[in-house]
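Chain and residue survey
In case you want the letters, here they are:
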Amino acid sequence: MVTVGEVTSNTVTEIDAIDLIGPLHPADLRRVAAAVHIEVTAAVRGRVQGCRSYLRGVLDGDRTVYGATTGFGALVGFAGRDNDADQADNTLAHLGAGQGPDIDPAVARAAMLVRVWSLAQGASGVSPHVVDALVAMLATTFAPAMPRFGSVGASGDLIPLAYATQSLRGQGHAYLDGERLPAAEALRRAGLRPLTLDGRDALALVNGTSVTTAALATALHDVRVAHRSAQRLAALLADVLGCDTHQFLHPRLIAAYGHPGAVEVAARMRGLLAGARPSGSRPLQEAYSIRCGPQLLGAAEGALRYADTVLAADLAGVSDNPLFFPDDDLVLHGGNFFGQPAAFAADVLAMVTAQVGNLVERQLDLLVDPARNGGLPPMLAAGPGQQHGLQGAQLAATALVAQLRREVAPVSSQSLPTNLHNQDVVPFGTQAALRAVDQARLLRLICGSLAVGLRQAVHVGARRPTAPGCAQLLDQLVEVVPAIDPDRPLDQDVRRAADLLDHVDETAGSGSTDAGPDRQAAKPR
């Protein structure tokens, strides 16, 4: 059995420790999907203990502190319970009202990292052993079971974080090594002791936007990967069809457009298409799904950069109420648990995902159409009529796009008053961010569908790519997706192709220009 804050060597992955001093990085949230060591330095411990001592002095002086001496939410005007442990129970019990499926355990663990980082900044007044307990938990594979529905993202992610807190106390359920267990059993197997809390500790654990931030980070990463995959596939499509990419990707043309995102996307696509030769048989002007790709995907790049700034601020900020500033003898009650920035950013991700998904599906539609694909067989069937090629996969891709479109309505503007009008405006950031996670997963499947189509197009008569970068991507697809001849179910092929695209992105590094800085001459060709 390890006590809070202690970590056994066999539970920690062999990677550099995450510290709680500087801002978190989005990659840190992905790393905690597995067991990870977190550094609790003397400086961190000192500021947490200092704030806790300050809080004790405030309470000894009979000052009113929300959640420590009062009821919660709309019942703030009533006194809380006298006993610290009872006040913790008072905080958590009424929040056990969540519904729906569990949040992805990887997102749950990322939320716990965000929460412990916020608490470790020394403005929440928590007991040091709370920080130690979260650190010890993250050094195992323990993940709280948190219901998806119940948060309005206003006073933080109250209900899901209450379930997480209860799981750390040995109540409810949790995951260990991917298995869903009673929380007490998961703690026992992980070698962790149930967490003890007072009222301030309990409120600090639930009164933040950590689930929203973790879900936003997950969605943003996954959308970015799919967005870069869409660029690679657009380049491969243009090469396979023999398009004159020297026209619609020309640096002078794109520079005149004036949008930095389009400049970056076009440069990346030119890098992939270096060495490509036009077939000479394509129309002077391609369909918009080909020649406007840099502009559409470039606009998506700009929107994703906005989401980057919101996520960075979330990861560097403290979400809680109240906050304590010992050096200035300040106890400040406010609204730093209000997840409106992340709600806006998640809605932007929804728009990006729907439009990029629409682009990729339209490219697949063009690819299977003999009127536009240069005379390849309809549906890329090896024997039309006797076989049906991509027909089912294209139908499924269209259905996925329809799903994205149905769910693109802004969540952040759906405010509903609740809690006796104490929460009279709410951002719904939690649901917006969790929706974005779902949408990103659909987008990668649409990309996988186009990838299968491109692999099949070459099998039924399209030319082999003339650009080395595109040829390499095709060869990788050929390794994981057999030709469709005869017909077979393609669900697993689509998933394998999506996995391959993820792998290509990972091995390419940060996803910046794949072939290095663009050095193509600016004069017409």
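The present account deals with the structure reproduced in this document. (Residues numbered from 1 in each chain as written. Predicted model: local features only at pLDDT ≥ 70, side-chain atom pairs only at ≥ 80, totals over all residues. Heavy atoms only, no water.)

1. Quick notes on the overall build of the protein
Scanning the protein for helices and strands turns up 19 helices and nine strands. Rg of the C-alpha trace for the protein: 26 Å, near the compact-globule value of 24 Å for 525 residues, within the 12% margin. If you line up the protein on its principal axes, its C-alpha atoms span 85 × 45 × 45 Å. Out of the 525 residues in the protein, the part that is buried amounts to 54%. A separation threshold of at least 6 residues defines the contact pool for the protein, and within that pool the share at least 24 residues apart is 78%. (Helix = DSSP H or I, 4+ residues; strand = E, 2+ residues; numbered from the N terminus. Rg over C-alpha atoms; globule rule 2.2 N^0.38 Å. Buried < 20%, exposed > 50% of the residue type's maximum accessible area, 1.4 Å probe, protein only. Contact = heavy atoms within 4.5 Å.)

2. Things to note about the pairing of strand 6 (residues 173–176)
Summarising the sheet, strand 4 (residues 143–144) and strand 6 pair through two bridges and their orientation is antiparallel. Bridge pairing in strand 6 links Pro-144 to Ala-174. Strand direction decides the pairing type here: strand 6 and strand 7 (residues 179–182), joined by four bridges, are antiparallel. Within strand 7, the residue paired with Tyr-175 across the bridge is Arg-180. (Pairing = 2+ DSSP bridges.)

3. Digging into the sheet that holds strand 6
Read from one edge of the open sheet, three strands run 4-6-7, paired in antiparallel fashion. Edge positions in the sheet fall to strand 4 and strand 7, since each of these pairs with one other strand and no more.

4. A short note on helix 19 (residues 491–507)
Taking 1.5 Å as the rise per residue, helix 19 with 17 residues should run 24 Å; its terminal C-alpha atoms sit 25 Å apart, in good agreement. In this fold, the buried residues of helix 19 make contact with helix 9 (210–241), helix 17 (429–459) and helix 18 (468–480). Downstream of helix 19 by a residue or two, Gly-509 has a phi angle that is positive, lying close to 95°. (Expected span 1.5 Å × (residues − 1).)

5. Points about the side chain of Arg-455
Mapped onto the secondary structure, Arg-455 falls in helix 17. Salt bridges are absent for the buried Arg-455, whose nearest opposite-charge side chain, Asp-493, sits at 7.6 Å. Non-local contacts of Arg-455, meaning those with residues more than four positions away in its chain, are made with Leu-474, Leu-477, Val-478, Val-481, Pro-482 and Ala-483. (Lys, Arg positive; Asp, Glu negative; His and termini not counted. Salt bridge = Lys/Arg side-chain N within 4 Å of Asp/Glu carboxyl O.)

6. Brief notes about the environment of Ser-127
In this structure, Ser-127 sits in the loop between helix 4 (105–119) and helix 5 (128–138). Separated by 76 residues in the primary sequence, Ser-127 and Cys-51 place their C-alpha atoms 8.9 Å from one another. Once residues lying within four places of it in the same chain are set aside, the contact partners of Ser-127 are Val-48, Arg-52 and Asp-201. For Ser-127, the side chain forms a polar contact with the side chain of Arg-52, separated by 3.1 Å. (Polar contact = N/O pair within 3.5 Å; in protein donor to acceptor, adjacent residues only side chain to side chain.)

7. Section: the pattern of salt bridges
Throughout the structure, instances matching the rule amount to 33 salt bridges. A salt bridge links Asp-347 to Arg-435; its shortest N-O distance comes to 2.9 Å. With a gap of 88 residues between them, Asp-347 in helix 15 (residues 340–367) and Arg-435 in helix 17 connect regions that are remote in the sequence. Considered together, Asp-347 and Arg-435 belong to a single accessibility category, that of buried residues. For the salt bridge of Asp-365 with Arg-372, the shortest nitrogen-to-oxygen distance reads 2.5 Å. By relative accessible area, which is 31% here, Arg-372 ends up partly exposed.

8. Some points on the packing of helix 15 against helix 16 (residues 391–406)
Packed helix pairs are characterised by how far apart their axes lie and by the angle those axes make with each other. It is at 9 Å that the axes of helix 15 and helix 16 come closest, and there the two elements cross at 160°. It follows from the interaxial angle that helix 15 and helix 16 lie roughly antiparallel. Crossing geometry of helix 15 relative to helix 16 is assigned as left-handed. Taken together, the residues of helix 16 that come into contact with helix 15 (itself represented by Thr-353, Ala-354, Gly-357, Asn-358, Glu-361, Arg-362, Leu-364 and Asp-365) are Gln-394, Ala-397, Thr-398, Val-401, Leu-404 and Arg-405. Within the contact of helix 15 with helix 16, the residues separate by chemical class into five nonpolar, five polar and four charged. (Axes fitted to C-alpha atoms, helices over the stretch in contact; angles between N-to-C directions. Parallel < 35°, antiparallel > 145°, perpendicular 65-115°, else oblique. Left-handed = near helix turned anticlockwise from the far one by under 90°. Nonpolar A, V, L, I, M, F, W, Y, C, P; charged D, E, K, R; others polar.)

9. Quick look at the nonpolar core
Across soluble globular proteins, you tend to see nonpolar side chains buried next to one another. Counting 152 residues, the largest nonpolar core has Leu-20, Leu-29, Leu-113, Leu-138, Phe-142, Leu-216 and Leu-349 as its most contacted members. What Leu-138 contacts, discounting residues up to four positions off in sequence, is Val-32, Ala-34, Ala-35, Val-36, Ile-38, Arg-109, Met-112, Leu-113 and Val-116. Of all hydrophobic cores here, the second largest spans nine residues; its members include Val-58, Ala-68, Phe-324 and Val-331. (Core = buried A, V, L, I, M, F, W, Y, C linked by side-chain atoms within 4.5 Å.)

10. Overview of the state of the cysteines
Taken as a whole, this structure holds zero disulfides when the rule is applied. You can see Cys-243 has no disulfide; the closest cysteine sulfur is in Cys-470, sitting 11 Å from it. Look at Cys-243 and you get buried, because its relative accessible area is 3%. (Disulfide = S-S within 2.5 Å.)

11. A few points about unusual backbone geometry
Note: most peptide bonds trans; most residues except glycine with negative phi. Of note, the bond from Asn-321 into Pro-322 is cis; its omega dihedral lies within 30 degrees of zero at -10°. Note on placement: Pro-322 falls in the loop between helix 14 (293–316) and strand 8 (323–325). Residue Pro-486 follows Asp-485 across a cis peptide bond; omega there is 10°. Positive phi, normally seen in glycine, also occurs at Met-379, with a value near 60°. When you line up the elements, Met-379 lands in the loop between helix 15 and helix 16. For Leu-380, which is not glycine, the phi dihedral falls at a positive 55°. Position of Leu-380 relative to the elements: it lies in the loop between helix 15 and helix 16. Under the relative-accessibility criterion, Leu-380 is labelled buried at 0%.

12. Some details on the side chain of Arg-115
Relative to the assigned elements, Arg-115 resides in helix 4. Look at Arg-115: it is buried, it has no salt bridge, and the nearest opposite charge is Asp-320 at 4.0 Å. There is a polar contact of 2.9 Å between the side chain of Arg-115 and the backbone oxygen of Ala-204. Beyond its immediate sequence surroundings of up to four residues, Arg-115 is in contact with Leu-161, Ala-204, Leu-205, Asn-207, Gly-208, Ser-210, Ser-319 and Asp-320.

13. A short note on the packing of helix 9 against helix 17
One way to put it is that helix 9 packs onto helix 17 with a least axis distance of 8 Å and a crossing angle of 20°. Taken as axis vectors, helix 9 and helix 17 run roughly parallel relative to one another. When you trace helix 9 past helix 17, the crossing you get is left-handed. Split by residue class, the contact of helix 9 with helix 17 holds 23 nonpolar, five polar and two charged.

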